[in-house]
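Structure at a glance
Here's the letter readout for the chains.
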Amino acid sequence: MMTHISERVQALAPSATLAMSQKSNELKAQGVDVINLSVGEPDFETPAHIKEAAKRAIDENYTFYTPVPGYMSLRKAVSEKLLKENGVSYAPEQIVVSNGAKQALCNVILATINPGDEVIIPMPAWVSYVEMVKLAGGKTVEIHADIKQEFKITPEQLEAAITPATRMILICSPSNPTGSIYSREELEALVKVLAKYPDIMVLADEIYEHINFTGSFTSMASFPEIADRTVIINGVSKAYAMTGWRIGYCAAPQWLAKAVTKLQGQYTSNASSIAQKAAEAAYTGSQECIAEMNKAFERRRDLVVKLASEIPGLKVNRPQGAFYLFPEVSAYLGKTTPDGKKIETSGDLAMYLLESGHVATVDGGAFGMEGYIRLSYATSDDNLREALRRIREALLNLK
Ligand code: PMP
Ligand code: GLU
(Lines give C-alpha, C1' and ligand atoms only; values in the text may rest on other atoms or scores of the structure.)
(Ligands and ions follow the chains in the order given, each with its own letter.)
Protein backbone atom coordinates (compact mmCIF):
# COMPACT_ATOMS: atom_id res chain seq x y z
CA MET A 1 0.00 0.00 0.00
CA MET A 2 1.18 3.54 -0.77
CA THR A 3 2.22 5.63 2.23
CA HIS A 4 2.90 9.33 2.46
CA ILE A 5 4.68 9.98 5.71
CA SER A 6 6.34 13.39 5.93
CA GLU A 7 10.07 13.58 6.42
CA ARG A 8 9.31 15.48 9.61
CA VAL A 9 7.49 12.53 11.13
CA GLN A 10 9.84 9.94 9.66
CA ALA A 11 12.70 11.67 11.44
CA LEU A 12 10.88 11.57 14.78
CA ALA A 13 11.79 8.86 17.31
CA PRO A 14 8.80 7.28 19.07
CA SER A 15 8.50 8.14 22.78
CA ALA A 16 10.59 5.49 24.57
CA THR A 17 8.77 5.96 27.87
CA LEU A 18 5.38 5.39 26.28
CA ALA A 19 6.72 2.53 24.12
CA MET A 20 8.14 0.66 27.10
CA SER A 21 4.95 1.12 29.06
CA GLN A 22 2.93 -0.15 26.10
CA LYS A 23 5.17 -3.23 25.85
CA SER A 24 4.74 -3.89 29.55
CA ASN A 25 0.95 -3.59 29.22
CA GLU A 26 0.97 -6.02 26.27
CA LEU A 27 2.90 -8.59 28.29
CA LYS A 28 0.47 -8.08 31.17
CA ALA A 29 -2.47 -8.68 28.81
CA GLN A 30 -0.84 -11.99 27.83
CA GLY A 31 -0.91 -12.98 31.51
CA VAL A 32 2.73 -12.21 32.35
CA ASP A 33 3.14 -10.71 35.83
CA VAL A 34 5.10 -7.58 34.87
CA ILE A 35 5.96 -4.78 37.30
CA ASN A 36 5.92 -1.53 35.41
CA LEU A 37 8.60 0.94 36.50
CA SER A 38 8.74 2.50 33.05
CA VAL A 39 6.20 5.28 32.63
CA GLY A 40 6.45 8.19 35.03
CA GLU A 41 3.08 8.93 36.53
CA PRO A 42 1.82 9.10 40.10
CA ASP A 43 -0.03 5.92 41.07
CA PHE A 44 -2.44 7.88 43.29
CA GLU A 45 -6.03 8.63 42.42
CA THR A 46 -6.93 12.23 41.62
CA PRO A 47 -8.09 13.80 44.93
CA ALA A 48 -11.85 13.66 45.52
CA HIS A 49 -12.47 17.43 45.63
CA ILE A 50 -10.94 17.75 42.16
CA LYS A 51 -13.09 14.95 40.74
CA GLU A 52 -16.17 16.61 42.28
CA ALA A 53 -15.31 19.90 40.57
CA ALA A 54 -15.20 18.10 37.21
CA LYS A 55 -18.59 16.48 37.80
CA ARG A 56 -20.01 19.87 38.75
CA ALA A 57 -18.50 21.41 35.62
CA ILE A 58 -20.45 18.97 33.46
CA ASP A 59 -23.70 19.64 35.33
CA GLU A 60 -23.14 23.38 35.08
CA ASN A 61 -22.56 23.06 31.33
CA TYR A 62 -18.91 23.93 31.08
CA THR A 63 -19.10 21.98 27.88
CA PHE A 64 -18.48 24.59 25.18
CA TYR A 65 -15.29 25.78 23.57
CA THR A 66 -13.30 27.89 26.00
CA PRO A 67 -10.96 30.74 25.05
CA VAL A 68 -7.94 29.20 23.26
CA PRO A 69 -5.52 29.99 26.14
CA GLY A 70 -7.99 28.65 28.72
CA TYR A 71 -10.70 30.00 31.04
CA MET A 72 -9.71 33.33 32.58
CA SER A 73 -10.60 31.94 36.02
CA LEU A 74 -8.02 29.16 35.62
CA ARG A 75 -5.37 31.51 34.26
CA LYS A 76 -6.00 33.79 37.25
CA ALA A 77 -5.60 30.83 39.60
CA VAL A 78 -2.30 29.90 37.91
CA SER A 79 -1.10 33.50 38.04
CA GLU A 80 -1.88 33.62 41.77
CA LYS A 81 -0.16 30.29 42.35
CA LEU A 82 2.98 31.52 40.60
CA LEU A 83 3.09 34.67 42.71
CA LYS A 84 2.28 32.97 46.01
CA GLU A 85 4.37 29.81 45.70
CA ASN A 86 7.19 30.88 43.41
CA GLY A 87 7.37 34.64 43.95
CA VAL A 88 7.16 35.27 40.20
CA SER A 89 4.85 37.65 38.46
CA TYR A 90 2.99 36.54 35.32
CA ALA A 91 -0.37 38.20 34.54
CA PRO A 92 -3.24 35.85 33.58
CA GLU A 93 -2.81 37.12 30.00
CA GLN A 94 0.70 35.65 30.01
CA ILE A 95 -0.55 32.14 30.70
CA VAL A 96 -1.63 29.68 28.02
CA VAL A 97 -3.29 26.44 29.10
CA SER A 98 -2.67 23.43 26.88
CA ASN A 99 -3.20 19.68 26.62
CA GLY A 100 -0.62 18.80 29.21
CA ALA A 101 2.79 20.26 29.85
CA LYS A 102 3.83 18.27 26.81
CA GLN A 103 1.83 20.45 24.43
CA ALA A 104 2.82 23.57 26.37
CA LEU A 105 6.50 22.73 25.76
CA CYS A 106 5.98 21.86 22.13
CA ASN A 107 3.99 25.08 21.59
CA VAL A 108 6.78 27.24 23.00
CA ILE A 109 9.47 25.46 20.99
CA LEU A 110 7.47 25.65 17.74
CA ALA A 111 6.67 29.30 18.39
CA THR A 112 10.28 30.37 18.97
CA ILE A 113 12.70 28.07 17.15
CA ASN A 114 13.62 28.52 13.50
CA PRO A 115 15.47 25.93 11.42
CA GLY A 116 19.12 25.97 12.42
CA ASP A 117 18.56 27.65 15.80
CA GLU A 118 20.41 25.94 18.61
CA VAL A 119 18.71 24.75 21.78
CA ILE A 120 20.93 23.72 24.68
CA ILE A 121 19.67 20.67 26.55
CA PRO A 122 21.45 19.33 29.64
CA MET A 123 21.57 15.54 29.43
CA PRO A 124 20.21 13.20 30.56
CA ALA A 125 16.88 14.79 29.66
CA TRP A 126 13.29 13.73 29.20
CA VAL A 127 12.81 11.84 25.93
CA SER A 128 10.54 14.38 24.24
CA TYR A 129 12.71 17.51 24.36
CA VAL A 130 15.08 16.53 21.58
CA GLU A 131 12.23 15.37 19.36
CA MET A 132 10.28 18.60 19.88
CA VAL A 133 13.32 20.65 18.87
CA LYS A 134 13.69 18.38 15.84
CA LEU A 135 10.04 19.03 14.91
CA ALA A 136 10.80 22.74 14.86
CA GLY A 137 13.87 22.16 12.67
CA GLY A 138 16.16 23.32 15.46
CA LYS A 139 19.50 21.87 16.44
CA THR A 140 20.01 20.33 19.86
CA VAL A 141 23.25 21.08 21.65
CA GLU A 142 23.71 18.55 24.41
CA ILE A 143 25.64 19.09 27.63
CA HIS A 144 26.31 15.85 29.47
CA ALA A 145 26.33 15.60 33.25
CA ASP A 146 26.76 12.08 34.62
CA ILE A 147 26.23 10.57 38.06
CA LYS A 148 29.60 11.86 39.30
CA GLN A 149 28.25 15.41 39.03
CA GLU A 150 24.79 14.39 40.30
CA PHE A 151 23.53 14.89 36.73
CA LYS A 152 23.80 18.68 37.05
CA ILE A 153 25.66 20.88 34.59
CA THR A 154 28.24 23.45 35.66
CA PRO A 155 28.35 27.12 34.61
CA GLU A 156 31.57 26.34 32.70
CA GLN A 157 29.84 23.62 30.69
CA LEU A 158 26.98 25.99 29.93
CA GLU A 159 29.24 28.79 28.77
CA ALA A 160 31.20 26.40 26.53
CA ALA A 161 28.00 25.26 24.79
CA ILE A 162 26.80 28.76 23.87
CA THR A 163 27.32 29.92 20.28
CA PRO A 164 25.95 32.85 18.26
CA ALA A 165 23.18 30.46 17.09
CA THR A 166 21.96 29.63 20.63
CA ARG A 167 18.31 30.65 21.02
CA MET A 168 17.22 28.69 24.07
CA ILE A 169 18.23 26.58 27.02
CA LEU A 170 15.82 23.98 28.30
CA ILE A 171 16.24 23.19 31.95
CA CYS A 172 14.28 20.69 34.04
CA SER A 173 14.53 20.73 37.84
CA PRO A 174 13.52 18.53 39.63
CA SER A 175 14.71 16.41 36.75
CA ASN A 176 13.19 13.65 34.74
CA PRO A 177 14.98 11.16 34.45
CA THR A 178 17.33 11.66 37.42
CA GLY A 179 15.40 13.36 40.23
CA SER A 180 18.25 15.86 40.66
CA ILE A 181 17.37 19.36 41.86
CA TYR A 182 19.48 22.46 41.31
CA SER A 183 19.84 24.47 44.51
CA ARG A 184 19.26 28.22 44.42
CA GLU A 185 23.04 28.76 44.45
CA GLU A 186 23.58 26.36 41.55
CA LEU A 187 20.87 28.07 39.51
CA GLU A 188 22.33 31.45 40.40
CA ALA A 189 25.67 30.38 38.94
CA LEU A 190 23.97 29.33 35.68
CA VAL A 191 21.96 32.57 35.62
CA LYS A 192 25.20 34.58 35.92
CA VAL A 193 26.29 33.06 32.61
CA LEU A 194 22.89 33.51 30.95
CA ALA A 195 22.74 37.16 32.04
CA LYS A 196 25.61 37.83 29.61
CA TYR A 197 23.57 36.55 26.65
CA PRO A 198 20.30 38.49 26.47
CA ASP A 199 19.13 36.73 23.28
CA ILE A 200 18.88 33.31 24.90
CA MET A 201 15.41 32.28 26.08
CA VAL A 202 15.14 30.10 29.17
CA LEU A 203 12.56 27.33 29.04
CA ALA A 204 12.15 26.01 32.59
CA ASP A 205 10.22 22.76 32.94
CA GLU A 206 9.01 22.88 36.54
CA ILE A 207 6.46 20.07 36.30
CA TYR A 208 8.05 18.15 39.23
CA GLU A 209 8.19 21.25 41.44
CA HIS A 210 6.10 19.69 44.18
CA ILE A 211 7.76 16.30 44.24
CA ASN A 212 10.71 17.61 46.13
CA PHE A 213 12.36 16.28 49.31
CA THR A 214 14.67 19.21 49.94
CA GLY A 215 12.03 21.48 51.45
CA SER A 216 12.72 24.30 49.03
CA PHE A 217 12.20 25.06 45.38
CA THR A 218 13.58 27.89 43.29
CA SER A 219 11.83 28.84 40.08
CA MET A 220 14.10 29.87 37.23
CA ALA A 221 11.84 32.89 36.69
CA SER A 222 12.66 34.23 40.15
CA PHE A 223 16.01 35.66 38.95
CA PRO A 224 15.42 39.26 37.83
CA GLU A 225 18.36 39.12 35.37
CA ILE A 226 16.52 36.64 33.15
CA ALA A 227 12.88 36.90 34.27
CA ASP A 228 11.65 38.69 31.15
CA ARG A 229 12.90 35.90 28.86
CA THR A 230 12.07 32.93 31.05
CA VAL A 231 9.14 30.68 30.22
CA ILE A 232 7.81 28.41 32.94
CA ILE A 233 6.22 25.09 32.04
CA ASN A 234 4.09 23.43 34.67
CA GLY A 235 0.78 21.67 35.07
CA VAL A 236 -1.37 19.43 37.21
CA SER A 237 -0.27 15.99 35.96
CA LYS A 238 2.34 15.22 38.59
CA ALA A 239 1.50 17.46 41.56
CA TYR A 240 -2.18 16.48 41.70
CA ALA A 241 -2.04 12.98 40.18
CA MET A 242 -3.91 14.15 37.07
CA THR A 243 -1.95 12.70 34.16
CA GLY A 244 -5.02 11.63 32.21
CA TRP A 245 -6.75 15.01 32.47
CA ARG A 246 -4.18 16.66 30.19
CA ILE A 247 -3.80 20.14 31.65
CA GLY A 248 -0.50 21.99 31.56
CA TYR A 249 0.53 25.57 30.85
CA CYS A 250 3.24 27.95 29.87
CA ALA A 251 3.79 31.25 31.66
CA ALA A 252 5.60 33.41 29.15
CA PRO A 253 6.39 36.96 28.08
CA GLN A 254 3.25 38.54 26.62
CA TRP A 255 4.54 38.46 23.01
CA LEU A 256 5.19 34.75 23.28
CA ALA A 257 1.89 33.93 25.02
CA LYS A 258 0.19 35.60 22.04
CA ALA A 259 2.21 33.61 19.50
CA VAL A 260 1.52 30.35 21.36
CA THR A 261 -2.21 31.17 21.42
CA LYS A 262 -2.17 31.74 17.65
CA LEU A 263 -0.42 28.41 17.09
CA GLN A 264 -2.67 26.46 19.44
CA GLY A 265 -5.74 28.15 17.92
CA GLN A 266 -4.91 26.56 14.60
CA TYR A 267 -4.25 23.05 15.72
CA THR A 268 -5.95 22.03 18.95
CA SER A 269 -7.98 25.04 20.19
CA ASN A 270 -8.53 24.92 23.94
CA ALA A 271 -7.76 22.10 26.36
CA SER A 272 -10.81 20.23 27.67
CA SER A 273 -13.28 22.58 29.40
CA ILE A 274 -14.08 20.03 32.10
CA ALA A 275 -10.44 19.26 32.83
CA GLN A 276 -9.77 23.00 33.06
CA LYS A 277 -12.43 23.35 35.77
CA ALA A 278 -10.86 20.40 37.59
CA ALA A 279 -7.42 22.04 37.37
CA GLU A 280 -8.87 25.27 38.74
CA ALA A 281 -10.16 23.32 41.75
CA ALA A 282 -6.70 21.79 42.15
CA TYR A 283 -5.05 25.22 42.33
CA THR A 284 -7.67 26.91 44.50
CA GLY A 285 -8.56 24.02 46.84
CA SER A 286 -6.72 22.39 49.71
CA GLN A 287 -3.05 21.63 48.97
CA GLU A 288 -2.85 18.87 51.59
CA CYS A 289 -2.88 16.15 48.93
CA ILE A 290 0.48 17.35 47.64
CA ALA A 291 2.18 16.92 51.00
CA GLU A 292 0.65 13.47 51.45
CA MET A 293 1.85 12.22 48.07
CA ASN A 294 5.24 13.81 48.62
CA LYS A 295 5.62 11.89 51.86
CA ALA A 296 4.90 8.61 50.10
CA PHE A 297 7.34 9.42 47.28
CA GLU A 298 10.07 10.27 49.77
CA ARG A 299 9.57 6.99 51.62
CA ARG A 300 9.76 5.11 48.33
CA ARG A 301 12.86 7.04 47.32
CA ASP A 302 14.54 5.84 50.50
CA LEU A 303 13.40 2.29 49.81
CA VAL A 304 14.61 2.09 46.17
CA VAL A 305 17.89 3.81 46.93
CA LYS A 306 18.54 1.30 49.72
CA LEU A 307 17.55 -1.76 47.67
CA ALA A 308 19.33 -0.63 44.50
CA SER A 309 22.52 0.22 46.43
CA GLU A 310 22.61 -3.36 47.68
CA ILE A 311 22.80 -4.74 44.12
CA PRO A 312 26.45 -5.37 43.24
CA GLY A 313 27.72 -3.28 40.34
CA LEU A 314 24.86 -0.73 40.25
CA LYS A 315 25.99 2.84 40.83
CA VAL A 316 23.25 4.78 42.58
CA ASN A 317 22.90 8.34 43.86
CA ARG A 318 20.26 9.79 46.17
CA PRO A 319 17.80 11.81 44.09
CA GLN A 320 16.18 14.77 45.78
CA GLY A 321 12.90 14.86 43.93
CA ALA A 322 10.59 13.65 41.14
CA PHE A 323 10.05 9.88 41.32
CA TYR A 324 12.93 8.46 39.34
CA LEU A 325 16.16 6.62 40.05
CA PHE A 326 18.80 6.62 37.31
CA PRO A 327 21.40 4.00 38.22
CA GLU A 328 24.52 3.46 36.18
CA VAL A 329 24.57 -0.11 34.86
CA SER A 330 27.78 -0.23 32.84
CA ALA A 331 29.21 -3.01 35.05
CA TYR A 332 26.68 -5.32 33.38
CA LEU A 333 27.36 -4.31 29.78
CA GLY A 334 29.33 -6.88 27.80
CA LYS A 335 27.88 -9.77 29.83
CA THR A 336 25.85 -12.67 28.47
CA THR A 337 22.32 -13.79 29.35
CA PRO A 338 21.57 -17.39 30.44
CA ASP A 339 20.28 -18.10 26.91
CA GLY A 340 23.46 -16.84 25.29
CA LYS A 341 22.57 -13.26 24.22
CA LYS A 342 25.18 -10.57 24.66
CA ILE A 343 24.12 -7.41 26.51
CA GLU A 344 25.82 -4.65 24.52
CA THR A 345 23.87 -1.56 25.54
CA SER A 346 21.67 -0.28 28.35
CA GLY A 347 18.79 -0.73 25.88
CA ASP A 348 19.62 -4.45 25.66
CA LEU A 349 19.72 -4.55 29.43
CA ALA A 350 16.31 -2.87 29.82
CA MET A 351 14.88 -5.37 27.34
CA TYR A 352 16.47 -8.29 29.22
CA LEU A 353 15.06 -7.01 32.53
CA LEU A 354 11.62 -6.90 30.95
CA GLU A 355 11.75 -10.26 29.20
CA SER A 356 13.58 -12.24 31.87
CA GLY A 357 12.94 -10.34 35.07
CA HIS A 358 9.49 -9.05 34.12
CA VAL A 359 10.30 -5.54 35.26
CA ALA A 360 9.77 -2.66 32.83
CA THR A 361 12.37 0.14 33.03
CA VAL A 362 13.56 2.63 30.40
CA ASP A 363 16.94 2.64 28.65
CA GLY A 364 19.11 5.59 29.68
CA GLY A 365 20.06 5.98 26.02
CA ALA A 366 16.53 7.27 25.36
CA PHE A 367 17.37 10.17 27.70
CA GLY A 368 20.67 10.80 25.96
CA MET A 369 22.80 8.84 28.42
CA GLU A 370 23.87 5.35 27.44
CA GLY A 371 24.96 3.06 30.30
CA TYR A 372 22.08 3.91 32.64
CA ILE A 373 18.49 2.83 33.13
CA ARG A 374 15.56 4.77 34.58
CA LEU A 375 13.30 3.31 37.25
CA SER A 376 10.08 5.14 38.12
CA TYR A 377 9.27 4.47 41.76
CA ALA A 378 5.72 5.85 41.57
CA THR A 379 4.28 2.52 42.62
CA SER A 380 3.56 0.65 45.85
CA ASP A 381 6.29 -0.29 48.34
CA ASP A 382 5.46 -3.98 47.76
CA ASN A 383 5.85 -3.60 44.00
CA LEU A 384 9.15 -1.83 44.53
CA ARG A 385 10.51 -4.54 46.83
CA GLU A 386 9.53 -7.25 44.38
CA ALA A 387 10.81 -5.31 41.35
CA LEU A 388 14.20 -4.70 42.94
CA ARG A 389 14.41 -8.37 43.97
CA ARG A 390 13.75 -9.38 40.37
CA ILE A 391 16.24 -6.88 38.97
CA ARG A 392 18.89 -8.17 41.37
CA GLU A 393 18.22 -11.78 40.42
CA ALA A 394 18.22 -11.06 36.67
CA LEU A 395 21.46 -9.05 36.88
CA LEU A 396 23.22 -11.70 38.94
CA ASN A 397 22.22 -14.28 36.30
CA LEU A 398 24.35 -12.47 33.72
CA LYS A 399 27.75 -14.04 33.12
N1 PMP B 1 7.96 17.45 31.31
C2 PMP B 1 8.50 16.40 31.95
C3 PMP B 1 9.89 16.53 32.45
C4 PMP B 1 7.78 15.22 32.12
O5 PMP B 1 8.34 14.19 32.74
C6 PMP B 1 6.48 15.14 31.63
C7 PMP B 1 5.78 13.83 31.85
N8 PMP B 1 4.80 13.47 31.15
C9 PMP B 1 5.95 16.25 30.97
C10 PMP B 1 6.71 17.39 30.84
C11 PMP B 1 4.58 16.29 30.39
O12 PMP B 1 3.58 16.24 31.33
P13 PMP B 1 2.05 16.28 30.94
O14 PMP B 1 1.48 15.01 31.42
O15 PMP B 1 1.49 17.45 31.69
O16 PMP B 1 1.96 16.45 29.47
N1 GLU C 1 6.77 12.02 31.59
C2 GLU C 1 6.45 10.66 31.87
C3 GLU C 1 7.68 9.80 31.67
O4 GLU C 1 8.74 10.29 31.45
C5 GLU C 1 5.25 10.20 31.11
C6 GLU C 1 5.45 9.62 29.75
C7 GLU C 1 5.84 10.64 28.74
O8 GLU C 1 5.01 11.50 28.44
O9 GLU C 1 6.99 10.57 28.32
O10 GLU C 1 7.58 8.61 31.78
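Above this text you will find the structure in question.
Rules used in this analysis
- Residues numbered from 1 in each chain as written.
- Chains lettered and ligands numbered in written order.
- Predicted model: local features only at pLDDT ≥ 70, side-chain atom pairs only at ≥ 80, totals over all residues.
- Heavy atoms only, no water.
- Near = heavy atom within 4 Å.
- Polar contact = N/O pair within 3.5 Å; in protein donor to acceptor, adjacent residues only side chain to side chain.
- Areas by Shrake-Rupley, 256 points an atom, 1.4 Å probe, with all protein chains shown as cover.
- Nonpolar A, V, L, I, M, F, W, Y, C, P; charged D, E, K, R; others polar.
- Helix = DSSP H or I, 4+ residues; strand = E, 2+ residues; numbered from the N terminus.
- Expected span 1.5 Å × (residues − 1).
- Buried < 20%, exposed > 50% of the residue type's maximum accessible area, 1.4 Å probe, protein only.
- Contact = heavy atoms within 4.5 Å.
- Phe/Tyr/Trp six-rings, centres within 6.5 Å; stacked < 30°, edge-to-face > 60°.
- Pairing = 2+ DSSP bridges.
- Axes fitted to C-alpha atoms, helices over the stretch in contact; angles between N-to-C directions.
- Parallel < 35°, antiparallel > 145°, perpendicular 65-115°, else oblique.
- Left-handed = near helix turned anticlockwise from the far one by under 90°.
- Salt bridge = Lys/Arg side-chain N within 4 Å of Asp/Glu carboxyl O.

Turning to the site of ligand 2, a few remarks are in order. Near ligand 2 you find Thr17, Leu18, Val39, Gly40, Lys102, Trp126, Asn176, Tyr208, Lys238, Tyr324 and Arg374, and these make up its full shell. At a separation of 3.0 Å, an oxygen atom of ligand 2 approaches a polar side-chain atom of Trp126. Bound to the protein, ligand 2 loses 89% of the 280 Å² it would expose on its own. Among the residues making up the shell around ligand 2, the classes are represented as five nonpolar, three polar and three charged.

Glancing now at helix 10 (residues 273-284). For helix 10, spanning twelve residues, the distance from its first C-alpha to its last is 17 Å, which sits close to the expected 16 Å at 1.5 Å a residue. Burial within helix 10 is extensive, with ten of its twelve residues counted as buried. Listing the buried residues of helix 10 in full gives Ser273, Ala275, Gln276, Lys277, Ala278, Ala279, Glu280, Ala281, Ala282 and Tyr283. Elements that come into contact with the buried residues of helix 10 comprise helix 3 (48-59), helix 4 (72-86), strand 2 (95-99), strand 7 (230-235) and strand 8 (247-251).

This part covers the packing of aromatic side chains. For any pair of aromatic rings, the description rests on two quantities: the centre-to-centre distance and the angle between the ring planes. According to the stated counting rule, one finds 13 aromatic pairs in the structure shown. Plain terms: the ring middles of Tyr208 and Tyr324 are 5.7 Å apart, the flat faces sit at 80 degrees to each other, and that makes the pair edge-to-face. Of this pair, Tyr208 sits in the loop between strand 6 (201-205) and strand 7 while Tyr324 sits in strand 9 (residues 324-325); the two residues are 116 residues apart in sequence, bridging distant segments of the chain. Across the pair, Tyr324 and Tyr208 agree in class, each one buried. A centroid spacing of 6.0 Å and a plane angle of 90 degrees characterise the contact between Phe326 and Phe367, whose relative ring orientation is edge-to-face. Note that Phe326 is positioned in the loop between strand 9 and helix 12 (346-355) and Phe367 in the loop between strand 11 (362-363) and strand 12 (373-376), a separation of 41 residues in sequence.

The mixed open sheet is built from seven strands, whose spatial order is 2-8-7-6-5-3-4. Taken across any chain shown, the strands that pair with only one partner, and hence form the sheet edges, are strand 2 and strand 4 (139-144). In this sheet, adjacent strand axes meet at a mean angle of 20 degrees when their direction is disregarded. One ladder, built from five bridges, connects strand 2 with strand 8; its direction is antiparallel.

The next subject is unusual backbone geometry. Look at the link from Met123 to Pro124: it is a cis peptide, with omega at 5 degrees. The topology assignment puts Pro124 in the loop between strand 3 (118-123) and helix 6 (127-135). Between Ser173 and Pro174 the backbone carries a cis peptide bond, its omega angle lying at -5 degrees. Looking at the element boundaries, Pro174 is found in the loop between strand 5 (166-172) and helix 8 (184-194). Of note, the phi angle at Ala322 is positive, near 55 degrees, even though the residue is not glycine. When its relative accessible area of 0% is taken as the criterion, Ala322 is described as buried.

Once that is clear, we can look at the packing of helix 3 against helix 10. The contact between helix 3 and helix 10 brings their axes to 8 Å, and the two run at 140 degrees. On the basis of the axis angle, helix 3 is oblique to helix 10. In this structure, the crossing between helix 3 and helix 10 has a hand that is right-handed. Counting all contacts with helix 3, which are made through His49, Ile50, Ala53, Ala54, Ala57 and Ile58, the residues of helix 10 involved are Ile274, Lys277, Ala278, Ala281 and Ala282.

A few words on the site of ligand 1. Near ligand 1 lie 14 residues; those nearest to it are Ala101, Asn176, Asp205, Tyr208 and Arg246. Contact between ligand 1 and Asp205: a nitrogen atom at 2.6 Å from a side-chain N or O atom of the residue. Within the side chain of Arg246, an N or O atom sits 2.7 Å from an oxygen atom of ligand 1. The element contributing the most residues to the shell around ligand 1 is helix 5 (residues 100-112), with four residues. Broken down by class, the residue content of the shell around ligand 1 amounts to seven nonpolar, three polar and four charged.

Before going further, it helps to examine the pattern of salt bridges. Counted by the stated rule, this structure contains 22 salt bridges. A salt bridge links Lys81 to Glu85; its shortest N-O distance comes to 3.0 Å. Of the two residues, Lys81 and Glu85 both sit in helix 4, four residues apart, roughly one turn of that helix. Among the residues examined, Lys81 registers a relative accessible area of 7% and is labelled buried. You can call Glu85 partly exposed: its relative accessible area is 32%. Sharing partners across several salt bridges, the network here consists of Asp33, Glu386, Arg389, Arg390 and Glu393.

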